[in-house]
Amino acid sequence: MIEYVNQLGPDVPRAGAFPSGRDVSVWYLDTTLAVVGGVDLADAASVLDGAELARAERLVRPGHRQRFLASHLGLRVLLGRYLGVPPREVGLDREDCHGCGEPHGRPVVAGGTGPHFSLSHSEDTACLAFAGVPVGVDVEALPKPAAVHDVLHSLHPRETAELTALPEPDRPAALGRIWSRKEACLKATGAGLTAGLAEPYVGSAPAPAPVPGWTLTDLPSPPGYFAALALAAG
């Protein structure tokens, strides 16, 4: 269990050497900040690459664009600190997709020169994880009751049964645990949601169910959020 999570704020972070082996470093970020890790969001165009800027431009709502820019600046700031280079010089690439073989799988540092990493953001919070082995992280705001109804029968049958057995007021929190755990696993493997929501089974109990090949843990999270981390078992 990871008991301590770093906080990335407006000041330049002291990240140290990047994690090796199964060491892992996790950071939270308030995505409403105007300055992230010493970089002003107004200067995002000079730091992010063309693909990131294009994705930001496609976000119509200013709040969504702000969250995207802040979280991706945070990622580059931290990778830059780990690699010893300015954020704008961090090269990012994509692994080949498990399904089609095209290069839109798990994001990686170009040339394999840095740590494995994962980024997630929900509402006004982002979570970033860095490790020496494949890693996936996810943070989720407390789901709305309607979300439980929408995905109830798309989950693993055991998870559907667990949610159905709970009183309705307890179901959103249980779904928050399931969703953050499942997304962490899917981000770690690079599979995404292409195969649906049924696998892997992660459970809704206070502790996640074992997932073969991975160490899955719940993370300390801000009030109203759920977060989980999946780390390759090695």
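Residues numbered from 1 in each chain as written. Predicted model: local features only at pLDDT ≥ 70, side-chain atom pairs only at ≥ 80, totals over all residues. Heavy atoms only, no water.

### Concerning unusual backbone geometry
At step 1: The step from Glu 199 to Pro 200 runs through a cis peptide bond, and the omega angle for that step is 0 degrees.
At step 2: Here Pro 200 shows up in the loop between α5 (171–189) and β10 (214–218).
At step 3: Not every positive phi belongs to a glycine, and Glu 123 is a case in point at roughly 50 degrees.
At step 4: Position of Glu 123 among the secondary structure elements: in the loop between β7 (116–122) and β8 (125–131). (Helix = DSSP H or I, 4+ residues; strand = E, 2+ residues; numbered from the N terminus.)

### Brief notes about the pairing of β8
At step 1: The buried fraction of β8 amounts to 7 of the 7 residues, a majority that puts the element mostly inside the structure.
At step 2: Where strand β2 (residues 24–30) and β8 come together, 7 bridges link them in antiparallel fashion. Considered in β8, the bridge of Ser 25 is made with Phe 130.
At step 3: Note that β7 and β8 share 7 bridges and pair antiparallel. (Buried < 20%, exposed > 50% of the residue type's maximum accessible area, 1.4 Å probe, protein only. Pairing = 2+ DSSP bridges.)

### Details of the sheet that holds strand β1 (residues 6–8)
At step 1: Spatial strand order, β1-β2-β8-β7: 4 strands in an open sheet with mixed pairing. Of all strands in the sheet, those bounded by a partner on one side alone are β1 and β7. Direction aside, neighbouring strands of the sheet carry axes that sit 25 degrees apart on average.
At step 2: One ladder, built from 3 bridges, connects β1 with β2; its direction is parallel. Within β2, the residue paired with Gln 7 across the bridge is Tyr 28. (Axes fitted to C-alpha atoms, helices over the stretch in contact; angles between N-to-C directions.)

### Examining the layout of surface pockets
At step 1: Size it by volume and the second largest pocket reaches roughly 200 Å³.
At step 2: For the second largest pocket, the full set of lining residues is Ser 122, Glu 123, Glu 140, Ala 141, Leu 142, Pro 143, Lys 144, Ala 147, Val 151, Leu 175, Gly 176 and Trp 179.
At step 3: Top contributing element to the lining of the second largest pocket by residue count: α5, with 3 residues.
At step 4: Here the residues of the lining of the second largest pocket are counted per class, giving 7 nonpolar, 2 polar and 3 charged. (1 Å grid on protein atoms, 1.4 Å probe; cavity = no way out; pocket = protein on both sides within 12 Å on 5 of 7 lines; lining within 4 Å. Points joined across faces, edges and corners; volume = space filled by probe spheres on them. Nonpolar A, V, L, I, M, F, W, Y, C, P; charged D, E, K, R; others polar.)

### As for the nonpolar core
At step 1: If you look at the biggest cluster of nonpolar residues, it comprises 27 residues, and the most contacted ones within it are Trp 27, Leu 128 and Phe 130.
At step 2: If you list the elements that add at least two residues to this core, you get β2, α2 (62–83), β7 and β8.
At step 3: It is α2 that provides the largest number of residues to this core, a total of 9 residues.
At step 4: Setting aside residues no more than four positions away along its own chain, Phe 130 makes contact with Pro 19, Asp 23, Val 24, Ser 25, Trp 27, Leu 75, Leu 78, Leu 79, Tyr 82, Pro 115, His 116 and Phe 117. (Core = buried A, V, L, I, M, F, W, Y, C linked by side-chain atoms within 4.5 Å. Contact = heavy atoms within 4.5 Å.)

### Regarding the pattern of salt bridges
At step 1: In this structure the tally under the stated criterion is 7 salt bridges.
At step 2: The closest approach of N and O atoms between Glu 52 and Arg 76, which form a salt bridge, is 2.9 Å. Of the two residues, Glu 52 sits in helix α1 (residues 50–57) while Arg 76 sits in helix α2, which places them 24 residues apart along the sequence.
At step 3: Measuring nitrogen to oxygen at the nearest pair gives 2.7 Å for the salt bridge that ties Asp 218 to Arg 181. Within this pair, whereas Asp 218 is found in strand β10, its partner Arg 181 is found in helix α5, the two being separated by 37 residues in sequence.
At step 4: Residue classification places Arg 181 among the buried residues on the basis of a relative accessible area of 0%.
At step 5: Shared partners join several salt bridges into a network, and the residues in it are Asp 49, Glu 52 and Arg 76. (Salt bridge = Lys/Arg side-chain N within 4 Å of Asp/Glu carboxyl O.)

### A word on the packing of helix α4 (residues 157–165) against α5
At step 1: In the contact formed by α4 and α5, the axes pass within 9 Å of each other and the chain directions differ by 160 degrees. When the interaxial angle is binned, α4 and α5 end up roughly antiparallel. Here α4 and α5 pass one another in a crossing that is right-handed. For the pair formed by α4 and α5, the contact residues are Glu 159, Leu 163 and Thr 164 on the first element and Arg 171, Ala 174, Leu 175, Ile 178 and Lys 182 on the second. (Parallel < 35°, antiparallel > 145°, perpendicular 65-115°, else oblique. Left-handed = near helix turned anticlockwise from the far one by under 90°.)

Distances and angles like these do not, on their own, reveal function.
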